[in-house]
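Chain residues, written in single-letter form:
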Amino acid sequence: IEDYAFFKCSNLNHVSLPDKIDEISCSTFYNCFNLDDIKFPKSLRYIDTRAFSSCHFTDITLPPEIETIAEYAFENCKSLTNITINGTEPKIHTTSFLGCLQLQIVTYNGSMQQFDDAYGKQSWYLKKYTHAGKEPKIICNDGVIDLNS
């Protein structure tokens, strides 16, 4: 999908991407304020910068093949409360979820160490820049990451 392909497409509220897609380019769905539901293809490997900034998701589930979630990919998705990351070793930029003020739960299909490695040992960033008074829980296969420590 090309850069800015659906930029500011205000009538878009549901997207189901075909399995052939392995990359979502820069700002593809940027400012699609009413986009609240998306089905990611199993083949998805890369989500580029601001691909979904300011969308209206509450829950997203990323597929096992995901390798990279670029900077600001889900920036200002202010309704986003739950993220499930099924990939066990994706690179997650520290600003991927900047401004996701309602984020409560990140479920990660890997260990706590793998999450720290994937997030660049910057889990504190989730605490500082994503919540509105309550730190999100990071649930991994071997435990929960405490952002208060």
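You'll find the structure just up there.
What counts, and at which threshold
- Residues numbered from 1 in each chain as written.
- Predicted model: local features only at pLDDT ≥ 70, side-chain atom pairs only at ≥ 80, totals over all residues.
- Heavy atoms only, no water.
- Helix = DSSP H or I, 4+ residues; strand = E, 2+ residues; numbered from the N terminus.
- Buried < 20%, exposed > 50% of the residue type's maximum accessible area, 1.4 Å probe, protein only.
- Contact = heavy atoms within 4.5 Å.
- Areas by Shrake-Rupley, 256 points an atom, 1.4 Å probe, with all protein chains shown as cover.
- Pairing = 2+ DSSP bridges.
- Axes fitted to C-alpha atoms, helices over the stretch in contact; angles between N-to-C directions.
- Phe/Tyr/Trp six-rings, centres within 6.5 Å; stacked < 30°, edge-to-face > 60°.
- Lys NZ or Arg CZ within 6 Å of the ring centre and 35° of its normal.

Trainee: Would you explain the overall build of the protein in this entry?
Mentor: A count of helical and extended segments in the protein gives two helices and 11 strands. Along the protein, from the amino end to the carboxyl end, the secondary structure elements read β-β-β-β-β-β-β-β-β-α-α-β-β. Going through the 149 residues of the protein one by one, you find that 46% of them count as buried. When contacts within the protein are restricted to residue pairs at least 6 apart in sequence, long-range pairs at least 24 apart make up 32% of them. Taken as a whole, the protein presents about 7,400 Å² of accessible surface, with 47% of it coming from carbon and sulfur.

Trainee: Help me out: how do you make sense of unusual backbone geometry in this one?
Mentor: With the exception of glycine, the majority of residues adopt a negative phi angle, and the majority of peptide bonds are in the trans configuration. Even without glycine at this site, Lys8 takes up a positive phi of about 55°. Within the secondary structure, Lys8 sits in the segment before β1 (14-16).

Trainee: Would you mind showing me how to read the pairing of strand β9 (residues 105-108) here?
Mentor: Two faces belong to every sheet, and in a regular strand the side chains alternate between them. Along β9, the buried face is formed by Val106 and Tyr108; none of Ile105 and Thr107, which line the opposite face, is buried. As judged from the four bridges shared by strand β7 (residues 82-85) and β9, these two strands associate in the parallel manner. If you follow Thr84 over to β9, its bridge partner there is Thr107.

Trainee: Help me understand the sheet that holds strand β11 (residues 143-145), please; the structure alone is not making it clear to me.
Mentor: To summarise the sheet geometry, strands pair through backbone hydrogen bonds and adopt either a parallel or an antiparallel arrangement. Read from one edge of the open sheet, five strands run β5-β7-β9-β10-β11, paired in mixed fashion. Both edges of this open sheet fall to β5 (59-62) and β11, since each of them pairs with a single strand only. Taking the axes of each pair of neighbouring strands and ignoring which way they run, one obtains an average angle of 15° across the sheet. As paired strands, β5 and β7 are joined by four bridges and run parallel to one another. Pairing of Leu62 across the sheet is with Ile85, part of β7.

Trainee: Whenever I open this one, the environment of Val106 confuses me. Can you help?
Mentor: Looking at where Val106 falls in the secondary structure, it is placed in strand β9. Taking the C-alpha atoms as reference points, Val106 and Ile145, 39 residues apart in sequence, are found 10.0 Å from one another. Contact partners of Val106, with chain neighbours within four places excluded, come to Ile83, Ile85, Phe115, Lys137, Ile138 and Ile139.

Trainee: Which parts of the structure should I look at to understand the packing of aromatic side chains?
Mentor: Any aromatic ring pair is given by two values, namely how distant the centres are and how the planes are angled relative to each other. Evaluation of the coordinates by the stated rule reveals 10 aromatic pairs. Consider the rings of Phe57 and Phe74, whose centres lie 6.4 Å apart with planes at 65°: the pair is edge-to-face. In this pair, Phe57 is assigned in the loop between β4 (46-47) and β5 and Phe74 in the loop between β6 (68-69) and β7, connecting sequence segments 17 residues apart. Grouping residues by exposure puts Phe57 and Phe74 together as buried. Every member of this aromatic cluster is reached through a ring pair, and the members are Phe6, Phe29, Phe40, Phe52, Phe57, Phe74 and Phe97. Just above the ring of Tyr72 sits the side chain of Arg50; from NZ or CZ to the centre is 4.4 Å.

By themselves, these are just geometric observations and shouldn't be taken as functional.
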